[in-house]
Amino acid sequence: MQEIKTEEIITLHLIFSSQMASTFTYNDENSLFNFVVKEGNGVKGLVDSGLTEVPDRYIQPPQHRINKLHIAESLKDMTIDLSELDGPNHDQVAKAITHAAETLGFFQVVNHGVPLELLESLKVVAHKFFAQPAEKKAVYLKGVSPSPMVKYGTSFVPEKEKALEWKDYVSMTYTNDGDAHNFWPNECKEVALEYIKTSTEMVKKLLQTLIGNLGVKADDSRLDELVGLKMVNMNFYPTCPNPEVTVGVGRHSDMGTLTVLLQDGIGGLYVKKGESASKEDEEWIEIPPIDGALVINVGDTLQILSNGRYKSAEHRVRTTSTESRVSVPIFNTPLPVVKIGPFPELVARDGVARYREVMFGEYMNNFFSNSHDGKKSLDFASA
Ligand code: OGA
Ligand code: NI
């Protein structure tokens, strides 16, 4: 057994409402892991216990830290008014969407069809869910959750991560209204369901526009298949005493077709600009919080379908010491049984298939069994 220094034996006693006491030593790996991950206290529980310094397990190696020096100015001019897609400026707006998907892989939309009051409610219920005592949330931990469609957890794949992410989440997969009502957490099910319903048309329209601009014909049922599975996550990023050495979410791309994301006013979402020769030359751009707007980003699936023309965006989230942050993404992905591969028209035109055909379910399994590592997830489908 390794000796523990006296100053490291900061033992915290947390009294749960059940009157059970849980004790952990915050630089003892097992003890910390049990408290945060297995017992479901999350990062929120850690912060509530009053810690003043992040535990070692949260300290990122230097190359993963978010270095302010290499962060470019935030882009203010990439907000697209979606109502214009139905008006005389259709072509111009479609072009702007396509251009964003081909370059940064990120843009923001307004007049998106999701009511503004609903956006406010989503942020409120996200805070409400995480404000609950740990044992209320822990019923949705993997392995005990009453439904595989609801999962509460922390970080991304804690078992495989050297350094944990400073984030708790609850993930709700949509199968049908009945299941959502029966299994999703009471605190958030109504608003989360409404969010899915009111954003679905926008997602289809965006996808139709993007696929259309590739010169590819996709009928309605193919479009439906490509966004047939929907997962709403509520992410909670508690305040962090040492934001400079941690990450909220490490560099990654999303696995699906298109992600719709609501963020609050705190900021901290960064996207990588273009390809760079080395990690030192990377440029990251902040996606600025815009009241009433939704963030859209291209996922791996759309990069694969478009034979590499649309860019699945590499992004990450910084932590802050001032206020806890919430975000609410909807991951629109193909159904697991759907085969994804570059559209044949594009392969014919490009003379090369940059990706092989895979079942989306396999792609998803691979995605969830590896820790976040930039765009490595795409290797699974490389030709
Ligand atoms: C994600 C993600 C960004 C954010 O959940 O995949 O990238 O702003 N979230 O929380
Ligand atoms: Ni993401």
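Residues numbered from 1 in each chain as written. Chains lettered and ligands numbered in written order. Predicted model: local features only at pLDDT ≥ 70, side-chain atom pairs only at ≥ 80, totals over all residues. Heavy atoms only, no water.

## Topic: the coordination of the nickel ion (ligand 2)
Then, number 1: Protein-derived coordination of the nickel ion (ligand 2) comes from His 252 (NE2), Asp 254 (OD) and His 315 (NE2), at a distance range of 2.1 to 2.2 Å.
Then, number 2: Taken in sequence order, the residues that donate to the nickel ion (ligand 2) follow the motif H-x1-D-x60-H. Of this pair, Asp 254 sits in the loop between strand E9 (249-252) and strand E10 (258-263) while His 315 is found in strand E14 (residues 315-317), placing the two residues 61 residues apart along the sequence.
Then, number 3: Owing to a relative accessible area of 4%, Asp 254 belongs among the buried residues under this scheme.
Then, number 4: Using a relative accessible area of 5% as the deciding quantity, one classes His 315 as buried. (Donors = N, O, S within 2.8 Å, 3.2 Å for Na, K, Ca; no water. Helix = DSSP H or I, 4+ residues; strand = E, 2+ residues; numbered from the N terminus. Buried < 20%, exposed > 50% of the residue type's maximum accessible area, 1.4 Å probe, protein only.)

## Some thoughts on the environment of Ala 293
Then, number 1: By the secondary structure assignment, Ala 293 is in the loop between strand E12 (284-286) and strand E13 (294-298).
Then, number 2: A sequence separation of 10 residues divides Ala 293 from Gln 303, and the C-alpha atoms of the two residues are 24 Å apart.
Then, number 3: The residues touching Ala 293, leaving out its near neighbours within four places in the chain, are Gln 108, Val 109, Val 110, His 112 and Leu 262. (Contact = heavy atoms within 4.5 Å.)

## A closer look at the pairing of strand E15 (residues 325-333)
Then, number 1: The buried fraction of E15 amounts to 9 of the 9 residues, a majority that puts the element mostly inside the structure.
Then, number 2: Here E15 shows two buried faces, one formed by Arg 325, Ser 327, Pro 329, Phe 331 and Thr 333 and the other by Val 326, Val 328, Ile 330 and Asn 332.
Then, number 3: Taken together, the 7 bridges between strand E8 (residues 229-237) and E15 define a ladder with antiparallel strand orientation. Looking across to E15, one finds that Leu 229 is bridged to Thr 333.
Then, number 4: Where E10 meets E15, 6 bridges bridge the pair, whose relative direction is antiparallel. Bridge pairing links Val 260 to Ile 330 in E15. (Pairing = 2+ DSSP bridges.)

## Let's talk about the site of ligand 1
Then, number 1: Around ligand 1, the neighbouring residues are Asn 235, Tyr 237, His 252, Asp 254, Leu 261, Leu 269, His 315, Val 317, Arg 325, Ser 327, Pro 329 and Phe 331.
Then, number 2: Contact distances for ligand 1 include 2.6 Å between an oxygen atom and a side-chain N or O atom of Tyr 237.
Then, number 3: The separation between an oxygen atom of ligand 1 and a polar side-chain atom of Ser 327 is 2.6 Å.
Then, number 4: For ligand 1, whose unbound accessible area comes to 290 Å², protein coverage reaches 95%.
Then, number 5: Taken atom by atom, the bulk of ligand 1 overlaps the largest pocket.
Then, number 6: Contributing elements (two or more residues each) for the shell around ligand 1: E8, E14 and E15.
Then, number 7: Per element, the largest residue contribution to the shell around ligand 1 is 4 residues, and it comes from E15.
Then, number 8: Residue composition of the shell around ligand 1, by class: 6 nonpolar, 4 polar and 2 charged. (Near = heavy atom within 4 Å. Polar contact = N/O pair within 3.5 Å; in protein donor to acceptor, adjacent residues only side chain to side chain. Areas by Shrake-Rupley, 256 points an atom, 1.4 Å probe, with all protein chains shown as cover. 1 Å grid on protein atoms, 1.4 Å probe; cavity = no way out; pocket = protein on both sides within 12 Å on 5 of 7 lines; lining within 4 Å. Sits in = over half its atoms within 2 Å of the grid points. Nonpolar A, V, L, I, M, F, W, Y, C, P; charged D, E, K, R; others polar.)

## So, the confidence of the model for the protein chain
Then, number 1: Scored by pLDDT, the protein chain has a mean of 91; 91% of the residues are at 70 or more.
Then, number 2: The low-confidence segment residues 1-21 (pLDDT under 50) makes 30 contacts with residues lying over four places distant or belonging to another chain. (pLDDT = per-residue confidence, 0-100.)

## Here we look at the sheet that holds E8
Each strand in a sheet pairs with another by means of backbone hydrogen bonds, the pair being arranged parallel or else antiparallel.
Then, number 1: Spatial strand order, E4-E5-E13-E10-E15-E8-E7-E6: 8 strands in an open sheet with mixed pairing. Edge strands, defined here as strands with exactly one partner in the open sheet, are strand E4 (79-81) and strand E6 (150-154). The sheet shows a mean angle of 25 degrees between the axes of neighbouring strands, direction not considered.
Then, number 2: One ladder, built from 7 bridges, connects strand E7 (residues 168-174) with E8; its direction is antiparallel. Note on E8: the bridge partner recorded for Tyr 174 is Lys 230.
Then, number 3: Running at roughly 65 degrees to E8, helix H4 (residues 116-131) makes contact with E6, E7, E8, E10, E13 and E15 of the sheet. (Axes fitted to C-alpha atoms, helices over the stretch in contact; angles between N-to-C directions.)

## A word on the pattern of salt bridges
Then, number 1: For the structure on display, the rule yields 16 salt bridges.
Then, number 2: With a shortest N-O distance of 2.6 Å, Glu 102 and Arg 309 are connected by a salt bridge. Of this pair, Glu 102 sits in helix H3 (residues 90-102) while Arg 309 sits in the loop between helix H9 (300-305) and E14, placing them 207 residues apart in sequence.
Then, number 3: Classification of Arg 309 as partly exposed rests on a relative accessible area of 33%.
Then, number 4: Of the charged contacts in the structure, one is a salt bridge between Glu 282 and Lys 272, with a shortest N-O distance of 3.9 Å. Of this pair, Glu 282 sits in the loop between strand E11 (269-272) and E12 while Lys 272 sits in strand E11, placing them 10 residues apart in sequence. Neither Glu 282 nor Lys 272 differs from the other in exposure class; each is buried.
Then, number 5: Salt bridges here are not isolated pairs; linked through shared partners, they connect Arg 251, Lys 272, Glu 282 and Glu 314. (Salt bridge = Lys/Arg side-chain N within 4 Å of Asp/Glu carboxyl O.)

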